[in-house]
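Inside the fold
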Amino acid sequence: MGPVPQERDVTLADLGQSPDFAGTLKRIAGSHGSIHALLDMRALISDFAPEAVELHLPLMRAIAEAGISINRVLWAGHCRDDISQAYLESRVGLFRPASLILPETMVARNIARASARTSFSGWLHRLTNERSESGLQDVLYREGQRHVCDVKELHPQVGDDAHPTFKERGVYWITGGAGGIGSLVAGHLAGRYRARLVISGRGPLDERRQALVESLEAKGASVLYVQADAADPDAVRAAYTLAKKRFGRVDGVIHAAGLAGREILLEVTLEAFRETLAAKVEGALALEQALGEEPIGFICHFASLAGILGDTGSGAYAAANRFLLALARLRQERSGRGESLCRTLAIAWPLWARGGMSQSGDESARLYLVSSGQRALANDEARLLLERLIAGPSAQPIVLAGEPSRMRRLLEAARIRKSLKGRAFPENNIHSVNAAGSGHEAESASLGERIVRDLTELTCKLAGLQPEAVLPENNLAEYGLDSIGLTELAANISARFGISLPPSIFFSYPGIGKLAPSREKTFAGRIPSSLSLIHTCR
């Protein structure tokens, strides 16, 4: 681990890049019995780049690979400006999926924004105090004063006709405007306001995009389509120049560009991780560079609820959205001080009924909605909320659709993290029998069929259902499993097969029939060929 740093002499090894980081954790656990808390203080060194969000990937993977229980991970960072702070706050999103990957581990970040750096001993004192709390919170120390996240309910008002949110024939630029949500917003502005629209996207004006342009123009809009990668500052600047040349001005910007991360954090490639971050993060910064201090009415970043609650295990998507939320809040604070005339906000949207990063009809999205108690937001609801929230005072409004008391519990669980450990079934509920003596069906069953049967029986036990009610082709959402239920199912599958299976895996393979083939080689090495496992379901 390297020498113990002296005060103001932080010389920590780059553990995140060490090929034997998992081995180091194992040795520590072997010497001390367990690791109660891991303090990650690498970001306090002077040459740390705040934008290097991927620095934490090896750490998370090493904890999972080590296979040891670490109760708490506290991460510390220092910054002096808005953009660096937004990058540091994006780690909150990155760590949110930890409960789906490392359910026994609580992760939180501690950021100091100050002109002078805190000493190493001062950080140890801070983190020790945070570690002693029953649940972990993300903390910001601003010039030494401690701040924590909080939420309050909003009751946005509808703008009157004399002061509408959008202008008749106003000029609005939508990045990612040819995508699912972007095109829905464009359709609303075309139909209601006959807006002049600048639609930008990574792809060329092909047949699909041309059809979109024509449909918008049929509603009364004037449309300029510009091929521009939102993460490319030169392309974004050129798009803004074309917009002003065509329409003379831009009244507002909706940043709806984005990519959804599909791979789980433990498996995502560095290239895919950075690409998911870039569309939203680099896109937001490119827009700021292009717009400068010109009199734009508003910039509205379309963020996702993933930045608050976490995504389904990829991490990068949640981190990108958390960056947008932080940047909007910090930029709006500037406006409140009279340093900017532009209204800036980022809306943390839930899944929309149509359109979005993950289609609400997708099986993974369905499991996500059911397990969290949410529902997809109807498009009419979304359009109305968009107008209200842009007109309102909040810089980072959060939208949840679902039963109010359960939505409040979701937010509280995101604000204060606690260990989520799945309960294991008693060993006497699991019986091994010889396949040769269990009948012709068991004897003739293939390895894949026996794996499906074992997973089915575990699901039946957890959901309290009879075996015939649990079908391999069904989505796990049909059995009413919430996030705790999915964690418990993963824990019991892991215990049964002697493997480490994160709960996030179910969002990639939301049914037993999909999970079993995806991990058949892993399971196969854990099942004696002569055995079939039968689980008693009561």
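For the pair helix α3 (residues 82-95) and helix α11 (residues 316-336), interaxial distance at closest approach is 7 Å and the crossing angle is 145°. The crossing of α3 and α11 is right-handed. Facing D82, I83, Q85, A86, Y87, E89, S90, V92, G93 and L94 of α3, the residues of α11 in contact are A318, A319, R322, F323, A326, L327, R329, L330, R331 and R334. Of the residues belonging to the contact of α3 with α11, the class tally is 11 nonpolar, 3 polar and 6 charged.

Time to look at the pattern of salt bridges. Scanning all chains against the criterion turns up 24 salt bridges. When the shortest N-O distance is used, the salt bridge between R42 and D40 registers 2.7 Å. Looking at R42, the relative accessible area reads 6%, which means it is buried. A salt bridge links E130 to R146; its shortest N-O distance comes to 2.8 Å. Here the residue E130 occupies a position in helix α5 (residues 120-131), and R146 occupies one in strand β5 (residues 145-148), the gap between them amounting to 16 residues. Classification of R146 as partly exposed rests on a relative accessible area of 37%.

This part takes up the sheet that holds strand β6 (residues 171-175). Strands sit in the order β8-β7-β6-β9-β10-β11 across an open sheet of 6 strands; the sheet is parallel. Only two strands of the sheet have a single partner each, and these edge strands are β8 (222-227) and β11 (343-349). Averaged over all adjacent pairs, the angle separating strand axes in this sheet is 15°, with direction ignored. Note that β6 and strand β7 (residues 196-201) share 5 bridges and pair parallel.

Since one α-helical turn is 3.6 residues long, residues separated by three or four positions face the same way. Taking 1.5 Å as the rise per residue, helix α1 (residues 21-32) with 12 residues should run 16 Å; its terminal C-alpha atoms sit 17 Å apart, in good agreement. For α1, the set of buried residues is F21, A22, G23, T24, L25 and A29. In the core, the buried residues of α1 are packed alongside β1 (35-40), α2 (57-66) and β2 (70-79).

Attention shifts here to the sheet that holds β2. Pairing in this open sheet of 5 strands is mixed, and the strands run β1-β2-β3-β4-β5 from one edge to the other. Each edge of the open sheet carries a strand with a single partner, namely β1 and β5. Taking each pair of neighbouring strands and ignoring which way they run, the sheet shows an average axis angle of 20°. Both β1 and β2 contribute to a ladder of 5 bridges, which runs parallel. Paired with L39 across the bridge in β2 is L74.

Turning our attention to the side chain of T344. Note on placement: T344 falls in strand β11. With relative accessibility at 7%, the residue T344 sits in the buried group. If we ignore the near neighbours within four places in the chain, the residues touching T344 are I299, H301, A328, R331, Q332 and A395.

This paragraph deals with the nonpolar core. Considering soluble globular proteins, one finds that nonpolar side chains tend to be buried as a cluster. Core analysis: the largest hydrophobic core is formed by 86 residues, its most contacted members being F273, L476, I493 and F506. Counting residues per element, this core draws most heavily on α11, at 9 residues. Residue contacts for F273: discarding those within four places in its chain leaves V53, E54, L57, L94, L265, V268, S314, G315 and A316. If you look at the next biggest cluster of nonpolar residues, it comprises 37 residues, including L197, L216, I254 and A401.

What counts, and at which threshold
- Residues numbered from 1 in each chain as written.
- Predicted model: local features only at pLDDT ≥ 70, side-chain atom pairs only at ≥ 80, totals over all residues.
- Heavy atoms only, no water.
- Axes fitted to C-alpha atoms, helices over the stretch in contact; angles between N-to-C directions.
- Helix = DSSP H or I, 4+ residues; strand = E, 2+ residues; numbered from the N terminus.
- Left-handed = near helix turned anticlockwise from the far one by under 90°.
- Contact = heavy atoms within 4.5 Å.
- Nonpolar A, V, L, I, M, F, W, Y, C, P; charged D, E, K, R; others polar.
- Salt bridge = Lys/Arg side-chain N within 4 Å of Asp/Glu carboxyl O.
- Buried < 20%, exposed > 50% of the residue type's maximum accessible area, 1.4 Å probe, protein only.
- Pairing = 2+ DSSP bridges.
- Expected span 1.5 Å × (residues − 1).
- Core = buried A, V, L, I, M, F, W, Y, C linked by side-chain atoms within 4.5 Å.

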